[in-house]
Amino acid sequence: TLGRQSNRADALAVMRALTQRHPDKAVAHYALAHLAVRVSDLDTATAAIDRALAINAAWEDAALFKARVLVSHKDMSGVLKYYEHYLDKYPRASNMRLGYARHLVDLRQWDKAREQFKRVAADAPRDAEAAFTIALLALQSNELDEAELYLKRTLDLQPENDQARLYLGQVAEQRKQYDDAIQWYSTIESAEMRFEAQARLGVAPARHGNLEQARTHL
């Protein structure tokens, strides 16, 4: 309710008073941290979220918010150390691990990010988004076998994902398996990717040595 008030400074003062009345309630300090971030009071936010975690160290939502506060401080090395320290203590914290993996992507640490997403996928084997992200990161590092494995897993979980088919076609092209590439591109039906698939269908026969077929298709 306080978060919806236009006078955020007054809202923060009220919340601060509530935390003083309920000093041992982690949720009160967590709420104070949220309000403090809204008014760009990062010092208050840091102290409040640290207090919430001192009361309930395993609270994953509070830990995720702590990482967000560290990002706001532009303390990127501190963010990494915090994720790693928390996950050492609570390795099954899947949302925290997902946050860590996404942060590694932001830092362009592709291989480390891929390893973290693989742990997320191991804990949640039906998570199509995690499988697809692993595939994209594998492509980024030119790990074609792993990319193919996770692209096919993505299609098992999400058969409508034509983007996965497009990437599978590209993997086949890189391997010079042009018949396989043509097969993947031919199965793409979604309007937003059909043009690119058809263009690639024109290029694949040319690479296979069939220029006349390529020209006709294009």
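The coordinates are above.
As a starting point, this report considers the structure included with it.

## Observations concerning the overall build of the protein chain
- Secondary structure summary: the protein chain contains 13 helices and 0 strands in total.
- For 218 residues, the compact-globule estimate of 2.2 N^0.38 gives 17 Å, and the C-alpha radius of gyration of the protein chain, at 24 Å, exceeds that figure by more than 25%.
- Expressed along its principal axes, the backbone C-alpha trace of the protein chain runs to roughly 80 × 40 × 30 Å.
- The buried share of the protein chain, taken over its 218 residues, is 40%.
- Counting contacts in the protein chain only where the partners sit at least 6 residues apart, residues at least 24 apart contribute 43% of the total.
- Only carbon and sulfur atoms are counted for the fraction: they give 48% of the accessible area of the protein chain, which is about 12,300 Å².
- Here the protein chain holds 30 positive side-chain charges and 30 negative ones, and the gap between their average locations is 5 Å.

## Considering helix H1 (residues 8-21)
- When the terminal C-alpha atoms of H1 are compared, their 20 Å separation across 14 residues agrees well with the 20 Å that a helix rising 1.5 Å per residue should span.
- Taken together, the buried positions of H1 are Ala11, Leu12, Met15 and Thr19. Across the axial projection of H1, the buried residues extend over an arc of 100°, all falling on one side. Exposed side chains of H1 directed beyond 90 degrees from the buried face belong to Ala9, Gln20 and Arg21.
- The inward-facing, buried residues of H1 contact helix H2 (26-38).

## Notes on the pattern of salt bridges
- In total, this model carries 17 salt bridges according to the counting rule given.
- One salt bridge in this structure joins lysine 118 and glutamate 146, with 3.0 Å as the shortest N-O distance. Taken together, the residues span a long stretch of sequence, with lysine 118 in helix H7 (residues 110-123) and glutamate 146 in helix H9 (residues 144-157) at a distance of 28 residues.
- The partly exposed category is assigned to lysine 118, whose relative accessible area is 23%.

## Regarding the packing of aromatic side chains
- A full pass over the atoms with the stated rule returns 6 aromatic pairs.
- With a centroid separation of 4.6 Å and 45° between ring planes, the pair formed by tyrosine 30 and tryptophan 59 is classed as tilted. Of this pair, tyrosine 30 sits in helix H2 while tryptophan 59 is found in the loop between helix H3 (42-55) and helix H4 (60-72), placing the two residues 29 residues apart along the sequence.
- What makes tryptophan 59 partly exposed here is its relative accessible area of 21%.
- A ring pair is formed by tyrosine 82 and tyrosine 86, whose centres lie 6.3 Å apart and whose planes are at 45°; its orientation type is tilted. Of this pair, tyrosine 82 and tyrosine 86 both sit in helix H5 (residues 76-89), 4 residues apart, roughly one helical turn.

## What to know about H4
- Between its first and last C-alpha, H4 extends 19 Å over 13 residues, near the 18 Å set by a 1.5 Å rise per residue.
- Turning to H4, its buried residues are Glu60, Ala62, Ala63, Phe65, Lys66, Ala67, Val69 and Leu70.
- Where H4 is buried, its residues contact H2, H3, H5 and helix H6 (94-106).
- Following H4 by one or two positions, lysine 74 has its phi on the positive side, about 60°.

## Observations regarding the side chain of glutamate 60
- Among the structural elements, glutamate 60 can be located in helix H4.
- Buried charged residue glutamate 60 carries no salt bridge. Nearest counter-charge: arginine 97, at 8.5 Å.
- In terms of polar contacts, glutamate 60 uses its side chain to reach the backbone amide nitrogen of asparagine 95, at 2.8 Å.

## Points about the environment of glutamate 212
- Within the secondary structure, glutamate 212 sits in helix H13 (residues 211-217).
- For glutamate 212, a relative accessible area of 53% puts it in the exposed group.

## Focus on the packing of H1 against H2
- Interhelical geometry of H1 versus H2 gives an angle of 160° and a closest axis separation of 9 Å. The pairing of H1 with H2 is recorded here as roughly antiparallel in orientation. Between H1 and H2 the crossing geometry is left-handed. Across from Arg8, Ala11, Leu12, Met15, Arg16 and Thr19 in H1, the residues of H2 making contact are Ala28, His29, Ala31, Leu32, Leu35, Ala36 and Arg38.
- In terms of residue class, the contact of H1 with H2 is built from 8 nonpolar, 2 polar and 3 charged.

Reading the values: rules and limits
- The numbers attached to residues start from 1 for each chain and follow its sequence in the written order.
- The predicted origin of the model limits local features to residues at a pLDDT of at least 70 and limits the giving and counting of side-chain atom pairs to 80 or more, whereas totals for whole chains, interfaces and linings rest on all residues.
- Computation of side-chain values: all heavy atoms of the structure, hydrogens and water removed.
- The numbering of helices and of strands both runs from the N terminus, where a helix is a DSSP run of H or I of at least 4 residues and a strand a run of E of at least 2.
- Computation of the radius of gyration draws on C-alpha atoms alone. For the globule rule, the value is 2.2 Å times the number of residues to the power 0.38.
- Accessible area is worked out with a 1.4 Å probe on protein chains only. A residue is then buried under 20% of its type maximum, exposed over 50%, and partly exposed in between.
- By the convention used here, residues are in contact when the closest approach between their heavy atoms is within 4.5 Å.
- To be clear on the numbers: accessible area is Shrake-Rupley with a 1.4 Å probe, and residue cover counts the displayed protein chains and nothing else.
- Asp and Glu are treated as the negative residues and Lys and Arg as the positive ones, with His and the ends of the chain left uncounted.
- For the purpose of locating charges, the reference atoms are NZ of Lys, CZ of Arg, CG of Asp and CD of Glu.
- Expected span, for any helix, means 1.5 Å times one less than how many residues it has.
- Read the arc as the range of directions from the helix axis to the C-beta atoms.
- One speaks of a salt bridge when a side-chain nitrogen belonging to Lys or Arg is within 4 Å of a carboxyl oxygen belonging to Asp or Glu.
- Aromatic contacts are taken between Phe, Tyr and Trp rings whose centres are within 6.5 Å, Trp giving its six-membered ring; a plane angle under 30 degrees counts as stacked, one over 60 as edge-to-face, and the others as tilted.
- Here a polar contact means two N or O atoms within 3.5 Å. Within protein one must be a hydrogen donor candidate and the other an acceptor candidate, and residues neighboring in sequence count only if both atoms are side-chain atoms.
- Angular values range over 0 to 180 degrees, each being the angle between N-to-C directions of two axes fitted as lines to C-alpha atoms, with helices fitted over their stretch in contact.
- Angular relationships are summarised with four words: roughly parallel below 35 degrees, roughly antiparallel beyond 145, roughly perpendicular across 65 to 115, and oblique for the angles in between.
- Two helices that cross are described as forming a left-handed crossing if the nearer one is turned anticlockwise from the farther one by less than a right angle, and a right-handed crossing if clockwise.
- Under the grouping applied here, Gly and all other residues not named as nonpolar or charged are polar, the nonpolar ones being Ala, Val, Leu, Ile, Met, Phe, Trp, Tyr, Cys and Pro and the charged ones Asp, Glu, Lys and Arg.

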